[in-house]
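Here are the chains, one letter per residue:
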Amino acid sequence: MKILITGGAGFIGSNFLNRFVPRHPEHVFLNVDCLSYAANLKSLEAVSGLSNYRFVRADIADQGQVETLFREHEPELVIHFAAESHVDRSIAGPRAFVMANVVGTFNLLEAFRQLPDAGARLFHHVSTDEVYGSLGPEGFFTETTPYDPSSPYSASKAASDHFVRAFARTYGLRVRLTNCSNNYGPRQFPEKLIPLMILNLVERKPLPIYGQGLNVRDWLYVDDHSDAIWAVIHEGRDGETYNVGGNTERTNVAVVETLCRVVAAETGVEPDELLGLMHYVKDRPGHDLRYAIDASKLCDACGWQPAETFESGIHKTVRWYLDNDAWVQAVRSGEYRGWIEHNYGGRGAAAKDDA
Ligand code: NAD
Ligand code: DAU
């Protein structure tokens, strides 16, 4: 089968390709990525020489590039990861999110529906639990929770989800969607909470925690997310949405404390020295309080279960960042330093009512 992957040079897409390209020589994986700041071709070194892997640099927001790509390759399966993915960046500059996430998804769907025998092919859309907005202290997101996005990022992902479903109903396309909770693991760009904290810990830099640090996320190891997508493609049903989550709720403070202890143990440092780096900064505007996923539909329909616990996954992740300095240096370009200055430079300490 010809599989077109978008965004395969980013965090989740590259882990997906590292997992499935070597295992499935019977499929050809075509990775389409514009190589934004969040991409790193070093993440693909293990698969780039394999005969069932190809890379094409293209921007999905460019209609002409997408049309050419689909005409030339006629994929039987599209797995759509590509997106602008960072909430803080969407607050600083939302336009890029509309272009990549809304226009990009629309261009893919338009090109997909014009393929010969389009109704026989499958479009898998990778989305987020952030489309559902924020939970209070109780309850879980299910597939029927109404959409209520808070950030420009989540609004753009919600719009992309609606386009996918609308194209299925209107043009009879086969689509499936997965809405997943927070991922962590190797190869994640160090703007996101977990890799940012690991690298700051290694360099003994302050650990900036937004607001009071009591926001809750449901963490899932990236390979478990990849397995969930693969399971839905093979065992799921057309037109259906599946929520994906790790049943691993943690406050941000608890996550950062765990990282301090694991990095301390792995590097032979006293935990108190690292815990002392935690500091509270001005909160993210529109910061969702809590995400928690009910993944029972996916578990029942596709037999999926997460394999990794938070503790085992965090150990693997910390070890990966300690062992892969060349990868880390490759992504910490001038652009990265500019972002860190922009996002954290003006935050200062948390205001009295935040902390
Ligand atoms: P990422 O930012 O690490 O990677 C995104 C990739 O998409 C990059 O390689 C980038 O170059 C590429 N890309 C961006 N715009 C593009 C464009 N216009 N044309 C072509 N390529 C483009 O993101 P990620 O964390 O790997 O997320 C992948 C997908 O999973 C996204 O759709 C995201 O919404 C979704 N998701 C992420 C998480 C998470 O915790 N990271 C959780 C649930 C869902
Ligand atoms: O829920 C799925 C989503 O998870 C994905 O759709 C997004 O692509 C992904 O980025 C992630 O969004 P979050 O905003 O939850 O992830 P982030 O790592 O940016 O932040 C996690 C939590 O940590 C959040 O409550 C904000 C907080 N945080 C984040 C950073 C970067 C801090 O306290 N300090 C920080 O420096």
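Per chain, residue numbering runs from 1 following the sequence as it is written. All chains are assigned letters beginning with A, and all ligands numbers beginning with 1, in the order in which they are written. Local features in a predicted model are, by the rule used here, given only for residues with pLDDT of at least 70; side-chain atom pairs are given and counted only at 80 or more, and totals for whole chains, interfaces and linings are based on all residues. Calculated side-chain values reflect all of the structure's heavy atoms, with hydrogen atoms and water omitted.

### Brief notes about the overall build of the protein chain
Link 1 in the chain: When you go through the protein chain residue by residue, the secondary structure sums to 13 helices and twelve strands.
Link 2 in the chain: We compute the radius of gyration over the C-alpha atoms and compare it with the globule rule, which gives 2.2 Å times the number of residues raised to the power 0.38. Compactness check: the protein chain gives a C-alpha radius of gyration of 20 Å against a globular reference of 20 Å for 355 residues, within 12% of the reference.
Link 3 in the chain: Overall, the C-alpha framework of the protein chain stretches about 60 × 45 × 40 Å when taken along its three principal axes.
Link 4 in the chain: Contact definition: two residues touch when any of their heavy atoms are within 4.5 Å. Long-range contacts, defined here as pairs at least 24 residues apart, represent 83% of the contacts in the protein chain between residues at least 6 apart.
Link 5 in the chain: Per-residue and other accessible areas follow the Shrake-Rupley method at a 1.4 Å probe size, with only the shown protein chains counted as cover for residues. Carbon and sulfur atoms form 50% of the exposed surface of the protein chain, whose accessible area is close to 14,500 Å². Runs of E in the DSSP output that reach at least two residues are strands. Runs of H or I that reach at least four are helices, and both are numbered from the N terminus.

### Some thoughts on the sheet that holds strand 7 (residues 182-184)
Link 1 in the chain: Strands were regarded as paired on the criterion that DSSP finds at least two bridges between them. The sheet built from three strands is open, its strands ordered 7-9-11 with mixed pairing. The open sheet has two edge strands with one neighbour each: strand 7 and strand 11 (249-251). Between one strand and the next, the sheet's axes are offset by a mean angle of 50 degrees, whatever the strand orientation.
Link 2 in the chain: Sheet analysis places strand 7 next to strand 9 (residues 216-221), joined by three bridges and oriented parallel. Bridge assignment links N182 to a residue of strand 9, and that residue is W219.
Link 3 in the chain: Sheet strands in contact with helix 7 (residues 222-235) are strand 7 and strand 9, and its direction is about 75 degrees off that of strand 9. Only the contacting stretch of a helix is used when fitting its axis, a line to C-alpha atoms as for every element, and angles between N-to-C directions run 0 to 180 degrees.

### Remarks on the sheet that holds strand 5 (residues 122-128)
Link 1 in the chain: In space, the seven strands of this open sheet follow the order 3-2-1-4-5-6-10, with parallel pairing throughout. Each end of this open sheet is capped by a strand with a single partner; those strands are strand 3 (53-57) and strand 10 (241-244). Mean inter-strand twist for the sheet, computed between neighbouring axes without regard to direction, equals 20 degrees.
Link 2 in the chain: Taken together, the four bridges between strand 6 (residues 174-180) and strand 10 define a ladder with parallel strand orientation. The residue bridging C180 from the neighbouring strand is V244, located in strand 10.
Link 3 in the chain: Where helix 2 (residues 63-73) meets the sheet, it contacts strand 1 (2-6), strand 2 (28-33), strand 3 and strand 4 (77-80), and its direction lies at approximately 160 degrees from that of strand 1.
Link 4 in the chain: With respect to the sheet, helix 5 (residues 152-171) is in contact with strand 5, strand 6 and strand 10, its orientation differing from that of strand 5 by roughly 155 degrees.

### Overview of the layout of surface pockets
Link 1 in the chain: Counted as a void, the second largest pocket has a volume near 350 Å³.
Link 2 in the chain: Where the lining of the second largest pocket is concerned, the elements lending two or more residues are helix 6 (193-202), strand 12 (278-281) and helix 13 (334-345).
Link 3 in the chain: If one sorts the elements of the lining of the second largest pocket by residue count, helix 13 sits on top with four residues.
Link 4 in the chain: As a working rule, the residues Ala, Val, Leu, Ile, Met, Phe, Trp, Tyr, Cys and Pro are called nonpolar, Asp, Glu, Lys and Arg charged, and the rest polar, with Gly in that last group. When its residues are assigned to classes, the lining of the second largest pocket shows seven nonpolar, three polar and five charged. Grid spacing is 1 Å over the protein atoms alone, the probe is 1.4 Å, and a cavity is where that probe fits but cannot get out, while a pocket is an open set with protein on both sides within 12 Å along at least five of seven lines and lining residues have an atom within 4 Å of a point. Grid points are joined across faces, edges and corners, and a volume is the space filled by probe spheres set on the points.

### Topic: the packing of aromatic side chains
Link 1 in the chain: Each Phe, Tyr or Trp ring, with Trp reduced to its six-membered ring, pairs with another whose centre is within 6.5 Å; inter-plane angles below 30 degrees give stacked pairs, above 60 give edge-to-face pairs, and intermediate values give tilted ones. Taken as a whole and assessed by the stated rule, the structure comprises 22 aromatic pairs.
Link 2 in the chain: Among the aromatic residues, ring-to-ring pairing joins F16, F20, F81 and W230 into one connected group.
Link 3 in the chain: A cation sits over an aromatic face here: R290 above F140, 5.9 Å from the ring centre. By the criterion adopted, a ring carries a charge over it if an Arg CZ or a Lys NZ lies within 6 Å of its centre and within 35 degrees of its normal.

### Some words on the packing of helix 8 (residues 252-267) against helix 11 (residues 310-323)
Link 1 in the chain: Contact geometry of helix 8 with helix 11 gives a least axis separation of 10 Å together with a crossing angle of 55 degrees. Considered as vectors, helix 8 and helix 11 are oriented oblique to each other. For the crossing formed where helix 8 meets helix 11, the hand is right-handed. Along the contact surface, helix 8 presents V255, T258, L259, V262, V263, E266 and T267, while helix 11 presents F310, I314, H315, V318, R319 and L322.
Link 2 in the chain: Within the contact of helix 8 with helix 11, the residues separate by chemical class into eight nonpolar, three polar and two charged. Note that the term roughly parallel is reserved for angles under 35 degrees, roughly antiparallel for angles over 145, roughly perpendicular for angles of 65 to 115, and oblique for everything else. When the near helix sits turned anticlockwise from the far one by under a right angle, the crossing is termed left-handed; a clockwise turn instead gives a right-handed crossing.

### A word on the pairing of strand 1
Link 1 in the chain: Burial within strand 1 is extensive, with four of its five residues counted as buried.
Link 2 in the chain: With five bridges joining them, strand 1 and strand 2 adopt parallel strand pairing. When the sheet's bridge partners are listed, I3 is paired in strand 2 with F29.
Link 3 in the chain: When the strands point away from the viewer, a crossover counts as right-handed if the route from the first strand across the helix to the second turns clockwise. Read from strand 1 through helix 1 (residues 11-20) to strand 2, the crossover connection turns out right-handed. Burial classes follow relative accessibility: with a 1.4 Å probe on protein chains only, a residue under 20% of its type's maximum area counts as buried, one over 50% as exposed, and anything between as partly exposed.

### A few points about the site of ligand 1
Link 1 in the chain: A molecule or strand has a residue near it when one of that residue's heavy atoms lies within 4 Å. In the vicinity of ligand 1 there are 28 residues, among which I12, D33, S85, Y153 and K157 approach most closely.
Link 2 in the chain: C34 places a main-chain nitrogen or oxygen 3.2 Å from a nitrogen atom of ligand 1.
Link 3 in the chain: Protein contact buries 96% of the 840 Å² of open area that ligand 1 shows by itself.
Link 4 in the chain: Among the elements of the structure, helix 1, strand 5, helix 5 and strand 7 are those that each provide at least two residues to the shell around ligand 1.
Link 5 in the chain: With three residues, strand 5 is the single largest residue contributor to the shell around ligand 1.
Link 6 in the chain: Class assignment of the residues belonging to the shell around ligand 1 gives a composition of 16 nonpolar, nine polar and three charged. Side-chain atoms alone can form a polar contact between residues adjacent in sequence; in general such a contact is a pair of N or O atoms within 3.5 Å, and within protein one must be able to donate a hydrogen while the other accepts it.

### Thoughts on the packing of helix 6 against helix 8
Link 1 in the chain: One way to put it is that helix 6 packs onto helix 8 with a least axis distance of 10 Å and a crossing angle of 40 degrees. Comparing the axis directions of helix 6 and helix 8 gives the class oblique. The element helix 6 and its partner helix 8 pack so that their crossing is right-handed. Only N252, V255, V256, L259, C260 and V263 of helix 8 make contact with helix 6, whose side of the interface consists of L193, I194, M197, I198 and L201.

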